[in-house]
Amino acid sequence: MLRPSPAPAPALRSVLAALGSPTAVREARTPALRAAPGPLSPELPLPVHVLRISEAPGQAPGTRLVGWRFLIRSGDRAIAAADTMLTPDGWSFSHFFEGPYVAATERALVQAEALPGTYEPRLLSVPELYMLTLWLHAEPDPDGADPAAESADVLVPLAPAPPGIAPNRPYRVADLLPVLSTRLAPPPLLGSAAPAPA
């Protein structure tokens, strides 16, 4: 079961204002948005976090909230998305976009509904790998059972995913993060000894 967090009201207002602006919609690089025949509505808001891999050996990766993403629905499907960002004045509209991640996000959310447990859906971006995942943050069960912190979280890479990482497949955070950390680690300097295998 998914238990989404409500988006900040200013973020939603900024997207609604952009959708209501003929200039913002016309200037967006989203043909599907400009050609949509009916009313458009922002739905399924998801907080967007960026993964940071620490350069200090042995230090756990961290995340940082950078925005909120809304899927823009026309009729029965999402045709685009709108991103918001945090500015000194609060949350504001950033841009509209379309592409494979829109449909992949919608598909992953539907699949996640069938997973056992209760999750708060988020997006986790790994810019260095051109990778986006649906991050399912484990929430306490309605009966009060608390999952074991981050170990219960799940990541679902969205298509297209980097080579060697299967898209649309749920991974435990504890299994996928080491793979990402290895790919993001800086290469050893020329002439330095490579670390011994663990």
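Our subject is the structure listed above.
The structure displayed is predicted, hence computed values, not measured ones.

Draft legend 1. Inspection of the packing of aromatic side chains at higher detail. Enumeration according to the criterion identifies 1 aromatic pair in this entry. Taken together, a centroid distance of 4.7 Å and an interplanar angle of 50 degrees make the contact between F93 and F96 tilted. Residue F93 is classed as partly exposed on the basis of its relative accessible area, which comes to 23%. Given a relative accessible area of 7%, F96 falls into the buried group. Between the NZ or CZ atom of R122 and the centre of the ring of W135, over which it lies, the distance is 4.5 Å.

Draft legend 2. Region of interest: the environment of V66. The topology assignment puts V66 in strand β2 (residues 62-74). According to the relative accessible area criterion, V66 is partly exposed, its value standing at 26%. Along the primary structure V66 and S125 are separated by 59 residues, whereas in three dimensions their C-alpha atoms are 9.7 Å apart. Setting aside its immediate chain neighbours within four residues, V66 contacts V48, V50, T84, M85, L86 and W91.

Draft legend 3. Spatial organisation of the pattern of salt bridges. The final tally for this structure, using the stated rule, is 5 salt bridges. As a salt-bridge pair, E120 and R122 come within 3.1 Å of each other at their nearest N and O atoms. For E120, a relative accessible area of 11% corresponds to the buried category. A cluster of three or more residues bridged by salt bridges with shared partners is formed by E43, R73 and E106.

Draft legend 4. Layout of helix α5 (residues 173-184). The end-to-end C-alpha separation of α5 is 16 Å, in line with the 16 Å expected for 12 residues at 1.5 Å each. Looking at the buried side of α5, the elements it contacts are β1 (40-52), β5 (119-126), β6 (131-138), β7 (154-157) and β8 (171-172).

Draft legend 5. Quick peek at the nonpolar core. Core analysis: the largest hydrophobic core is formed by 16 residues, its most contacted members being L2, Y119, L123, L134, L136, V156 and L158. Listed by contribution, the elements that provide at least two residues to this core are β1, α4 (100-113), β5, β6 and β7. Beyond its immediate chain neighbours, meaning those up to four positions away, L123 contacts L46, P47, V48, H49, R69, T105, L132, T133, L134, W135 and L158. A11, I79, A82 and F96 belong to the second largest nonpolar core, which has 15 residues in total.

Draft legend 6. Structural view of the environment of L155. With respect to the helices and strands, L155 occurs in strand β7. Distance in space between the C-alpha atoms of L155 and L134 is 5.7 Å, their sequence separation being 21 residues.

Draft legend 7. Region of the structure containing unusual backbone geometry. Here the bond from A159 into P160 is cis, since omega is 5 degrees, no more than 30 degrees from zero. In this structure, P160 sits in the loop between β7 and β8. The backbone of Y130 sits at a positive phi, close to 50 degrees, despite the residue not being glycine. Its place among the elements puts Y130 in the loop between β5 and β6.

Draft legend 8. Layout of the sheet that holds β1. Taking strand neighbours across the sheet as the criterion, the 8 strands line up as β4-β3-β2-β1-β5-β6-β7-β8 in an open arrangement whose pairing is mixed. Edge positions in the sheet fall to β4 (90-97) and β8, since each of these pairs with one other strand and no more. Its contacts with the sheet place helix α1 (residues 9-19) against β1, β2, β3 (77-87) and β4, and it is angled at close to 40 degrees to β4.

What counts as what
Residues numbered from 1 in each chain as written. Predicted model: local features only at pLDDT ≥ 70, side-chain atom pairs only at ≥ 80, totals over all residues. Heavy atoms only, no water. Phe/Tyr/Trp six-rings, centres within 6.5 Å; stacked < 30°, edge-to-face > 60°. Buried < 20%, exposed > 50% of the residue type's maximum accessible area, 1.4 Å probe, protein only. Lys NZ or Arg CZ within 6 Å of the ring centre and 35° of its normal. Helix = DSSP H or I, 4+ residues; strand = E, 2+ residues; numbered from the N terminus. Contact = heavy atoms within 4.5 Å. Salt bridge = Lys/Arg side-chain N within 4 Å of Asp/Glu carboxyl O. Expected span 1.5 Å × (residues − 1). Core = buried A, V, L, I, M, F, W, Y, C linked by side-chain atoms within 4.5 Å. Pairing = 2+ DSSP bridges. Axes fitted to C-alpha atoms, helices over the stretch in contact; angles between N-to-C directions.

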